[in-house]
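Secondary and tertiary structure notes
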Amino acid sequence: MKYNIEEIQEKIHIRQIEGIGDRLEEDIQTILNRAGIYFRIFSRAKTPFSIAQKLEKPGYGFGENEKKMQDLLGLRVVVYYQDDIDIVRTILEKTFRQVGSWAKTDNTEEEFKASKLNGVFWIPEEYQRLYNGDISFLPIDATFEVQLRTISFEGWHEIEHDMRYKSPYGEEFWRNNEDLSRTLNCVLANLELCDWSTLNVFDKLAYYHFTEGNWEMMMKGKFRLRFESQPLAKELGAFLDANREVAYCLYRCPRPEVLFALLRDGYHDAITYDLLVKVINDSVADYDTKLRRKLSKLCHDVLKKDKPARNERLELNPLDVTPSFQLSVNLCHDPQRDVNQEFLAAVKLIANWAQGRFRNITGDIPDAPVDYEFHEAGYNLQILGNVSLGFYKLSLEHVDAERKGVVWRTKVSLERSERIRMKVDCDYCHNPDRLIRDSFTKPRFVDEIFRKIGYEDDIPMSLKPHKVEKMKEIEELGRFINNHARSLPVVLAVEEEDPERQININRLAETVGTYAHVFLVSKKAIPMLVGTSDFTPDELNGAVWVTFQNGEDKFYTRESIANSRFDFNKYAFDPGNVYEKAFRHKLVRLIKEKNC
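1. Observations regarding the overall build of the protein
From N to C terminus, the protein includes 21 helices and 18 strands. Relative to the compact-globule value of 25 Å for 596 residues, the protein shows a C-alpha radius of gyration of 33 Å, a clear excess of over 25%. The dimensions of the protein, computed from C-alpha atoms along their principal axes, are 100 × 70 × 65 Å. When the 596 residues of the protein are sorted by exposure, 43% land in the buried category. Residue pairs at least 24 apart in sequence account for 66% of intrachain contacts in the protein once pairs closer than 6 positions are excluded. When the 85 basic and 96 acidic side-chain charges of the protein are each reduced to a single mean position, those positions are 2 Å apart.

Structure below.
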């Protein structure tokens, strides 16, 4: 390949490009919301591989007759109504500095193509100043491309892009199937007809409501904006009832002029029918001056009465704190080793994890139990440690690089005596209104310390299930479950007579073995287990029993396991027992949630 992907990745900071895309997306979204337009907006930055692949094509370079790539950053605005494309186009032209002219789909009267409009604009200087990467070594402009489409063509573009224009087989894919290609064009023709017919339907509906004197519905059908549910003020409705020439003028006002007038109106939180009447009366309508003055005063009084009080200051509210992982265990002690060496080994593993998290922030985090502090905007690390006293405490805090407004915190402590006690507490802080998809996050050092030293929670932890076969083992298991010194949950799975229906207990232990005990009871031990429980042999066969530290129990029969289903089944086409995966997923989720 002509261009080095590693060099592109190193010099072009894609994350920052994506951040600029997020800002441009928010800017455009704010403007279109003020105009009341129905739309969706998306942004993307090209990957290093895509950059290299595109620049390999003929015509790109620094030469006089060569061109530069202009879509390192791309945005797509999808509108619901076809006539909004020209309105959004005008808004973008007036908002950003355009490069060249719009590229439009060229359709003759005898052919149909997916309609789209592409424009290129300079990235604003205020955003360029935030970028500290380097694009000068490649033929790339500091521009972004915007694609405008209707929602009818949005999905179709992806189909046509993949199956026609970017098909890896070129023209061979459609050769000798011109009739099918023509059929595909017929589908496109229907989509274009849908866009046109939708506008025609609402125009006729608006006229009907005008003749019936339904002023709200007339404006809804005519202007097709994101109106608030607040109804038209009775005073304005009565005015239009008494002055139908004014209502007719509202109906006849060109829609683009009204939307641009909304943008010129200044600050407004939402589009209401009252606001629309006021804006049209002030800036667009043309009727008797006395009527305009009278309606203007009426709108002023109505909007003043409805206008919510605005706070002078933005109030800062406390963030919610949600636990993401908790663990309190003793580290296993090997009699052949010095406990202090185990202590130092655990400290080093934790410090190496912290250094990995902060590798681009600082490089001098100590891997021994000494006092240390590091504070940078968004990143805080404090270590308190003493070898002779045998303690180590690390507190790490950092902002989430991908999710806005989220701060992650990790606290871990080690206390050395005859055994080393480790306590881990992880949580994240976020806006109360912000939903975080997954709250369980186990630091990597938890698994590393387990593999190299091991954990004890009254008994040793294991990534393999403890096998229970004899009566003595059942009695020991019962004592362990009832032991108040135990702090972690216990999962007890009973062997199934039909091996095809057995849950994958080994995979379960591998997943949760560092923060839960997993036991497998042999089917030979079921009669012995009956004597120590309230369950029948049939109920115990293939059952799973979970106990938590607070005494809460969950008991699942094989029937309830067989009836397990995914809400979102990623394994729908996988071979094997999907219900087993669904139950195991449910069990892991339960244990994780209890941990948090």
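Next comes the rest of the write-up.
2. Examining the sheet that holds strand β17 (residues 544-547)
The five strands are arranged β14-β16-β15-β17-β18 in an open sheet whose pairing can be described as mixed. Across the chains shown, the open sheet's two edge strands, defined by having one partner strand only, are β14 (466-468) and β18 (553-556). Neighbouring strand axes in the sheet, compared pairwise and without regard to direction, differ in orientation by 20 degrees on average. Where β14 meets strand β16 (residues 517-521), three bridges bridge the pair, whose relative direction is parallel.

3. What about the pairing of strand β5 (residues 143-150)?
Most of β5 is tucked away: eight of the eight residues are buried. Two elements, strand β2 (residues 73-79) and β5, share seven bridges in a ladder whose sense is parallel. In the strand pairing of β5, Val 78 is matched with Arg 149.

4. What to know about unusual backbone geometry
Not every positive phi belongs to a glycine, and Asn 176 is a case in point at roughly 65 degrees. If you check the backbone angles, Arg 224 has positive phi at about 50 degrees while not being a glycine. Take Arg 224: it is sitting in the loop between α8 (215-223) and α9 (234-242). A relative accessible area of 5% means that Arg 224 is categorised as buried.

5. Some points on the nonpolar core
Ranked by size, the top nonpolar core spans 82 residues in total, and within it Ile 12 and Ile 51 carry the most contacts. Ranked by residue count, the leading element in this core is helix α2 (residues 14-35), at eight residues. In contact with Ile 12, other than residues within four places in its own chain, are Ile 17, Ile 51, Tyr 131, Asp 134, Ile 135, Phe 137, Leu 138 and Ile 140. Counting residues in each nonpolar core, the second largest holds 59 residues, with Leu 394, Phe 548, Tyr 556 and Ile 561 among its members.

6. Details of the side chain of Thr 410
Looking at the element boundaries, Thr 410 is found in strand β10 (residues 407-416). By relative accessible area, which is 9% here, Thr 410 ends up buried. Discounting chain neighbours no more than four positions away, the residues touching Thr 410 are Trp 353, Leu 394, Ser 395, Leu 396, Asp 425, Cys 426, Pro 443 and Phe 445.

7. Points about the packing of helix α17 (residues 505-512) against helix α21 (residues 578-595)
Between α17 and α21, the shortest axis-to-axis distance is 11 Å and the interhelical angle comes to 25 degrees. Classified by the interaxial angle, the pair formed by α17 and α21 is roughly parallel. Handedness of the α17/α21 crossing: right-handed. Across the interface between the two elements, Arg 507, Leu 508, Thr 511 and Val 512 of α17 pack against Arg 584, Leu 587, Val 588 and Ile 591 of α21. Split into classes, the residues belonging to the contact of α17 with α21 amount to five nonpolar, one polar and two charged.

8. Here we look at the sheet that holds strand β11 (residues 420-430)
In space, the eight strands of this open sheet follow the order β7-β8-β9-β10-β11-β6-β12-β13, with antiparallel pairing throughout. Pairing within the sheet leaves two strands with one partner each, and these edge strands are β7 (372-376) and β13 (459-460). As defined by bridge partners, strand β8 (residues 379-386) adjoins strand β9 (residues 391-399) across eight bridges and the pair is classed as antiparallel. Counterpart to Gly 385 in the pairing with β9 is Tyr 392.

9. Remarks on the pairing of β9
Every second residue of β9 is oriented toward a common face, the buried set being Tyr 392, Leu 394, Leu 396 and His 398 and the non-buried set Phe 391, Lys 393, Ser 395, Glu 397 and Val 399. Between β8 and β9, which follow one another and run antiparallel, lie four residues, and Gly 390 among them has a positive phi close to 70 degrees. Where β9 and β10 come together, nine bridges link them in antiparallel fashion. By the bridge assignment, Lys 393 is partnered in β10 with Ser 413.

About the criteria used
Residues numbered from 1 in each chain as written. Predicted model: local features only at pLDDT ≥ 70, side-chain atom pairs only at ≥ 80, totals over all residues. Heavy atoms only, no water. Helix = DSSP H or I, 4+ residues; strand = E, 2+ residues; numbered from the N terminus. Rg over C-alpha atoms; globule rule 2.2 N^0.38 Å. Buried < 20%, exposed > 50% of the residue type's maximum accessible area, 1.4 Å probe, protein only. Contact = heavy atoms within 4.5 Å. Lys, Arg positive; Asp, Glu negative; His and termini not counted. Charge placed at Lys NZ, Arg CZ, Asp CG, Glu CD. Pairing = 2+ DSSP bridges. Axes fitted to C-alpha atoms, helices over the stretch in contact; angles between N-to-C directions. Core = buried A, V, L, I, M, F, W, Y, C linked by side-chain atoms within 4.5 Å. Parallel < 35°, antiparallel > 145°, perpendicular 65-115°, else oblique. Left-handed = near helix turned anticlockwise from the far one by under 90°. Nonpolar A, V, L, I, M, F, W, Y, C, P; charged D, E, K, R; others polar.

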